[in-house]
Amino acid sequence: MKKRFDESFKEYINENPAEIFEQMKNARFAGALFDKDNDLPFPFTLSMLTLLKTANPLKQKFYYIEDDSNYAFFTVYENRMNLFTYGKAEWFMNIQTVAFPCSLSNSGFITNNVKWMLTYIKTIKGCKLVLNLDEKTDIKGMSFGETLPSCELKIPEGINDIKTYMDALRSPYRRRINIAVKNCSDIEILRIRDDSVDIHPLYLQTYDKSEYKLECLNKEFFDKTDGEKIIFLRDKKPVGFVLLKENGSELVFMLCGMDYTLDKDNADLYFYMLLKIVEYALEKNLRIIDFGQTSEKTKLKFGACLKKKYFYAHHSNPFLNLFAMVGKHMLEYKYDFPEFHVFKE
């Protein structure tokens, strides 16, 4: 191992999640990693990682590293993508992305020492991109900057149902939602947890329209994932869906899809879908909604706040790494949203 790690350092690299879980259960920090059900916390459960191993067609690896006082588990998937996704330039290369492999706003790791983990990631050969860190930390020789922020709605005290939520909104925001509700009056809603409705085509339409493509999940993920699917039907045909997951006191908005072939304005449908997410959270007494990334402006109008997220990038080729560090402004996601005062004072 590299000189910067002492003799107590151990590393495990495996392409099979079940096998690396067994290795981790015998590791020094197993008690800190695993819960009472002998599993990792959401979204790193064995069932989820096993499903994504086949549902995400990109090659995936699982790393566990530890020494006497530090540990880290992280997921890596390999993709050929534009390093300057958020800029005007294009530079496609093979990138090893440290992120959760289904586009959640979570980081793709569990660790008690981010800086120590990033120092190790630098030693992996090739181009590495670590996404969705919550805080900045100084790592010599790594490029860093802001990536897509996540949107989080903390439901204010006193709001216990959708009526009190709507009453708490200032009139411009309440009016916009009411317009969406009126224009979606012909929508029927179905809640399921099985594969009785094929929502994958709606996901693919949304994926194709996305500006920031990472992985494309196959139908198996939506058929088998453990979550609530709210499906929006018009004339008995699915025109939209949201995939939700309860995580403690938080509701996670995992993925969505819409039918873009219709003449109807999809903005109203999207507003309506977000409203039904809020309604679901209130029904389940979940006070925090992780609205995820993208479509920030619309989510802010529901009372969500932005949470900054950061990336770190490194290439083992010194010349390419220097280029990434000097040109980090081309890697960053730049945004400047107005401040919305959604709730009444």
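Relevant structure appears above.
Residues numbered from 1 in each chain as written. Predicted model: local features only at pLDDT ≥ 70, side-chain atom pairs only at ≥ 80, totals over all residues. Heavy atoms only, no water.

## Comments concerning the overall build of the chain
When you go through the chain residue by residue, the secondary structure sums to 11 helices and 13 strands. A globule of 345 residues ought to have a C-alpha radius of gyration of about 20 Å, and the chain, at 21 Å, matches this closely. In the chain, which comprises 345 residues, the proportion classed as buried is 53%. Taking all contacts inside the chain whose residues are at least 6 apart in sequence as the whole, residues at least 24 apart take part in 71%. Looking at the chain as shown, the accessible area adds up to about 16,500 Å², and 49% of this sits on carbon and sulfur atoms. Where the 49 positive side-chain charges of the chain centre and where its 49 negative ones centre are 4 Å apart. (Helix = DSSP H or I, 4+ residues; strand = E, 2+ residues; numbered from the N terminus. Rg over C-alpha atoms; globule rule 2.2 N^0.38 Å. Buried < 20%, exposed > 50% of the residue type's maximum accessible area, 1.4 Å probe, protein only. Contact = heavy atoms within 4.5 Å. Areas by Shrake-Rupley, 256 points an atom, 1.4 Å probe, with all protein chains shown as cover. Lys, Arg positive; Asp, Glu negative; His and termini not counted. Charge placed at Lys NZ, Arg CZ, Asp CG, Glu CD.)

## Some points on the side chain of S8
Secondary-structure assignment places S8 in the segment before β1 (10-14). Separated by 3.2 Å, the side chain of S8 and the backbone nitrogen of D68 make a polar contact. With sequence-adjacent residues up to four places away left out, S8 is seen in contact with R28, E66, D67 and D68. (Polar contact = N/O pair within 3.5 Å; in protein donor to acceptor, adjacent residues only side chain to side chain.)

## Overview of the packing of aromatic side chains
A complete count under the given rule lists 23 aromatic pairs for this structure. Pairing F44 with F73 gives two aromatic rings, centres 6.1 Å apart and planes at 80 degrees, and the pair type is edge-to-face. With F44 in the loop between α2 (30-33) and α3 (46-55) and F73 in strand β3 (residues 71-82), this residue pair connects regions lying 29 residues apart in the sequence. Considering the side-chain rings of Y203 and F222, the 4.7 Å spacing of their centres and the 50 degrees angle between planes classify their relative orientation as tilted. Of this pair, Y203 sits in helix α7 (residues 200-209) while F222 sits in helix α8 (residues 219-224); the two residues are 19 residues apart in sequence, bridging distant segments of the chain. The residue whose ring lies beneath R176 is F271, and the NZ or CZ to ring-centre distance is 4.3 Å. (Phe/Tyr/Trp six-rings, centres within 6.5 Å; stacked < 30°, edge-to-face > 60°. Lys NZ or Arg CZ within 6 Å of the ring centre and 35° of its normal.)

## Here we look at the nonpolar core
By size, the foremost hydrophobic cluster in this structure holds 41 residues, and its most contacted members are Y165, F232, V242, F253, I277 and F291. Where this core is concerned, the elements lending two or more residues are β7 (143-154), α5 (162-168), α6 (171-183), β9 (228-234), β10 (237-247), β11 (250-258), α9 (266-283) and β12 (288-293). Tallying contributions element by element places α9 first for this core, with 12 residues. For F253, the residues in contact, after removing those within four places along its chain, are V242, L243, L244, Y270, L274, I277, D290, F291 and K299. One finds F21, A30, I110 and F222 within the second-largest nonpolar core, a separate group that totals 40 residues. (Core = buried A, V, L, I, M, F, W, Y, C linked by side-chain atoms within 4.5 Å.)

## A word on helix α4 (residues 114-121)
All buried positions along α4 are accounted for by W116, M117, L118, Y120 and I121. Its side-chain oxygen at 3.3 Å from the backbone nitrogen of K115, N113 defines the N-terminal cap of α4.

## What to know about the packing of helix α1 (residues 17-25) against α3
When two helices pack together, you describe them by how their axes are tilted relative to each other and by the distance separating the axes. Here α1 crosses α3 at 145 degrees, and the two axes come no closer than 9 Å. Here P17, A18 and F21 of α1 come into contact with α3, specifically with L46, L49 and T50. (Axes fitted to C-alpha atoms, helices over the stretch in contact; angles between N-to-C directions.)

## Focus: the pairing of strand β2 (residues 60-66)
Summarising burial for β2: 6 of the 7 residues are buried, a large majority. In this sheet, β2 lies alongside β1 in antiparallel orientation, the contact comprising 5 bridges. Its bridge partner lying in β2, K10 is registered against E66. (Pairing = 2+ DSSP bridges.)

## Overview of the pattern of salt bridges
As enumerated under the stated definition, the model contains 21 salt bridges in all. Salt-bridge contacts for E228 lead to R193; the nearest nitrogen and oxygen are separated by 3.1 Å. Taken together, the residues E228 in strand β9 and R193 in the loop between β8 (188-192) and α7 connect sequence positions 35 residues apart. With relative accessibility at 11%, the residue E228 sits in the buried group. Its relative accessible area of 47% is what places R193 among the partly exposed residues. Residues participating in the shared-partner salt-bridge network are R193, D226, E228 and K245. (Salt bridge = Lys/Arg side-chain N within 4 Å of Asp/Glu carboxyl O.)

## Describing the packing of α6 against α9
The N-to-C vectors of α6 and α9 enclose an angle of 105 degrees; their axes lie 8 Å apart at closest approach. Looking at the two axes, α6 sits roughly perpendicular to α9. Residues R176, I177, I179, A180, V181 and N183 of α6 touch α9, and the partners they reach there are A267, D268, F271, Y272 and L275. By residue class, the composition of the contact of α6 with α9 is 8 nonpolar, 1 polar and 2 charged. (Parallel < 35°, antiparallel > 145°, perpendicular 65-115°, else oblique. Nonpolar A, V, L, I, M, F, W, Y, C, P; charged D, E, K, R; others polar.)

## Topic: the pairing of β12
The buried fraction of β12 is high, at 5 of 6 residues. Bridge count between β7 and β12: 5 bridges; the pairing is antiparallel. By the bridge assignment, L153 is partnered in β12 with I289. Looking at chain direction, β11 and β12 are connected through 3 bridges and run parallel. Within β12, the residue paired with E250 across the bridge is I288.

## So, α3
All of the buried residues along α3 are M48, L49, L51, L52 and A55. All buried residues of α3 lie within an arc of 160 degrees about the axis, which places them on one face of the element. (Arc of directions from axis to C-beta.)

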